[in-house]
Amino acid sequence: MHPLLAEARRLGLHPKRSLGQNFLLDDVHLDRIAQAAELVDTDTVLEIGPGLGVLTTRLAQQAARVIAVELDDRLIEYLETRLADYSNVQIVHGDILEVDPGQLISGAPTVSPSVAYKVVANLPYYITSAVLRHLLEAHARPTRAVVMVQKEVAERICATPGNLSLLAISVQFYAEPSIAHRVPARAFYPVPKVDSAVLRLDVRPQPAVTSVTPERYFRVVRAGFGQKRKQLGNSLSANLGLPKAQVVAALEAAHIDPRRRAETLSLAEWGELSRLV
């Protein structure tokens with residue numbers, strides 16, 4: 001048994017299923033996560049879900065500053081004791097979905113979009129989509145995010161036209177995703193039912209489409225995926241509440257066959273369509 005796991009058990013710090021906790025203690029995989037972040041000694045890192053702090057120590061050794069946000073109140077005192085020798089680490093007890101990332105980094109209520117930071121996180125599977133949306137839609141987005149997610153979810157996010165989902169478009173609109181490393185289920189405690197992957201998101205300086213507002217863009221994208229098995233002409237008409245003839249005219253003006261389905265469109269095609277519809 002890993003010494004940290006034995007210590008955690010002695011202290012009664014068992015993983016909570018309700019929080020989706022699966023502790024990663026394997027040095028090889030932890031090193032690969034830190035490598036994917038490509039940290040330099042001037043970086044500020046926002047870590048989400050530090051758990052037992054094994055990744056936090058690696059981040060603290062490489063970055064200028066680490067802010068680690070932990071929801072589980074049982075772990076706060078443990079983390080503060082374990083990381084006491086690292087003066088550049090700040091432990092924050094809170095829910096990342098309820099705090100503004102930029103405010104955490106700057107410590108100020110008014111945040112400039114130019115605030116620079118990276119994110120590293122071993123995310124509970126059940127909040128993956130919500131956390132990614134929260135980070136990528138924030139006023140001050142990270143420059144890079146390296147997150148542990150289900151392998152299938154990472155593959156969906158990295159898909160290309162023909163297999164795109166609403167989640168993939170939502171991420172790719174703001175960032176260029178890639179899979180940095182795959183992690184087998186056996187590397188975690190407790191062992192989950194699925195394998196994981198380290199997803200790297202290199203956040204774009206500007207969204208992939210700038211010809212329309214994100215609100216208008218995703219209004220049309222969500223309408224297209226609202227009945228994704230249907231052809232776009234039918235799906236968009238039904239979900240936007242527009243006459244089919246008007247929708248078909250917009251599709252044709254964008255050089256998109258009305259018989260195509262939502263998963264086949266590129267981000268640029270969605271941009272042109274959302275400008276016209």
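Before reading on, note that the structure itself is shown above.
Described below are features of the structure shown in this document.

**Let's talk about the packing of helix α10 (residues 232-240) against helix α11 (residues 244-253)**
Consideration 1: Here α10 crosses α11 at 125 degrees, and the two axes come no closer than 9 Å. Between α10 and α11, the crossing angle belongs to the class labelled oblique. When the axes of α10 and α11 are compared, the crossing they make is right-handed. Two secondary-structure elements touch here, α10 through Leu-232, Gly-233, Asn-234, Leu-236 and Ser-237 and α11 through Lys-244, Val-247 and Leu-251.
Consideration 2: Looking at the contact of α10 with α11 residue by residue, the classes come out as 4 nonpolar, 3 polar and 1 charged.

**Examining helix α6 (residues 128-136)**
Helical geometry: 3.6 residues make up each α-helical turn, so side chains three or four residues apart lie on a common side.
Consideration 1: Among the residues of α6, those classed as buried are Thr-128, Val-131, Leu-132, Leu-135 and Leu-136. Along the axis of α6, the buried positions cluster into a sector of 120 degrees, meaning they face one direction only.

**Overview of the packing of aromatic side chains**
Consideration 1: Considering all chains together, one arrives at 5 aromatic pairs under this definition.
Consideration 2: Each ring, one from Tyr-217 and one from Phe-218, has its centre 5.2 Å from the other, and the planes form 80 degrees; the classification is edge-to-face. Each member of the pair, Tyr-217 as well as Phe-218, is classed as buried.

**A closer look at the sheet that holds strand β9 (residues 196-203)**
Consideration 1: Strand order in the open sheet made by the 7 strands is β4-β3-β2-β5-β6-β9-β7, with mixed pairing throughout. Since the sheet does not close on itself, it has two edges, and those belong to β4 (89-93) and β7 (175-183), each with one partner. In this sheet, neighbouring strand axes are inclined to one another by 20 degrees on average, regardless of whether the strands run parallel or antiparallel.
Consideration 2: In terms of strand pairing, strand β2 (residues 44-48) meets strand β3 (residues 65-70) through 5 bridges, oriented parallel. Across the sheet, residue Leu-46 finds its bridge partner in β3, namely Ile-67.

**Details of the pattern of salt bridges**
Any two side chains of opposite charge can pair if their charged atoms end up close together.
Consideration 1: In the structure shown here, the tally under the stated rule is 13 salt bridges.
Consideration 2: Put simply, Arg-200 and Glu-38 hold a salt bridge, and the shortest N to O gap is 3.1 Å. Here Glu-38 lies in the loop between α2 (27-37) and β2 and Arg-200 lies in strand β9, a separation of 162 residues in the sequence.
Consideration 3: Looking at Arg-200, the relative accessible area reads 14%, which means it is buried.
Consideration 4: According to the relative accessible area criterion, Glu-38 is partly exposed, its value standing at 45%.
Consideration 5: Between Glu-272 and Arg-275 there is a salt bridge, and its shortest N-O distance comes to 2.7 Å. You can see Glu-272 and its partner Arg-275 sitting in helix α12 (residues 267-276), 3 residues apart, about one turn around the helix.
Consideration 6: The exposure class assigned to Glu-272 is partly exposed, which follows from its relative accessible area of 28%.
Consideration 7: For Arg-275, a relative accessible area of 40% gives the class partly exposed.
Consideration 8: Bridged by salt links that share partners, the residues Glu-38, Arg-144, Arg-200 and Asp-202 form one connected network.

**Quick word on α2**
Consideration 1: Residues of α2 that are buried include every one of His-29, Leu-30, Ile-33, Ala-34, Ala-36 and Ala-37, and no others. Seen end-on, α2 carries its buried residues on one side only, within an arc spanning 160 degrees. Relative to its buried face, α2 has exposed residues pointing more than 90 degrees away, namely Val-28 and Gln-35.
Consideration 2: Lining the buried residues of α2 we find β1 (23-24), α3 (54-62), β5 (118-122), β6 (144-150), β7 and β9.

**Section: the nonpolar core**
Consideration 1: Residues Leu-46, Ile-48, Ile-169, Tyr-217, Leu-236, Trp-270 and Leu-273 are the most contacted members of the largest nonpolar core, which totals 61 residues.
Consideration 2: In terms of residue count, the dominant contributor to this core is helix α9 (residues 214-225) (6 residues).
Consideration 3: Residues in contact with Ile-48, not counting those within four places in the same chain, are Val-69, Ile-96, Val-119, Val-120, Ala-121, Asn-122, Leu-123, Val-131 and Leu-135.
Consideration 4: Ranked by size, the runner-up nonpolar core spans 31 residues in total, among them Leu-39, Leu-55, Leu-59 and Val-146.

Cut-offs used in this document
Residues numbered from 1 in each chain as written. Predicted model: local features only at pLDDT ≥ 70, side-chain atom pairs only at ≥ 80, totals over all residues. Heavy atoms only, no water. Axes fitted to C-alpha atoms, helices over the stretch in contact; angles between N-to-C directions. Helix = DSSP H or I, 4+ residues; strand = E, 2+ residues; numbered from the N terminus. Parallel < 35°, antiparallel > 145°, perpendicular 65-115°, else oblique. Left-handed = near helix turned anticlockwise from the far one by under 90°. Contact = heavy atoms within 4.5 Å. Nonpolar A, V, L, I, M, F, W, Y, C, P; charged D, E, K, R; others polar. Buried < 20%, exposed > 50% of the residue type's maximum accessible area, 1.4 Å probe, protein only. Arc of directions from axis to C-beta. Phe/Tyr/Trp six-rings, centres within 6.5 Å; stacked < 30°, edge-to-face > 60°. Pairing = 2+ DSSP bridges. Salt bridge = Lys/Arg side-chain N within 4 Å of Asp/Glu carboxyl O. Core = buried A, V, L, I, M, F, W, Y, C linked by side-chain atoms within 4.5 Å.

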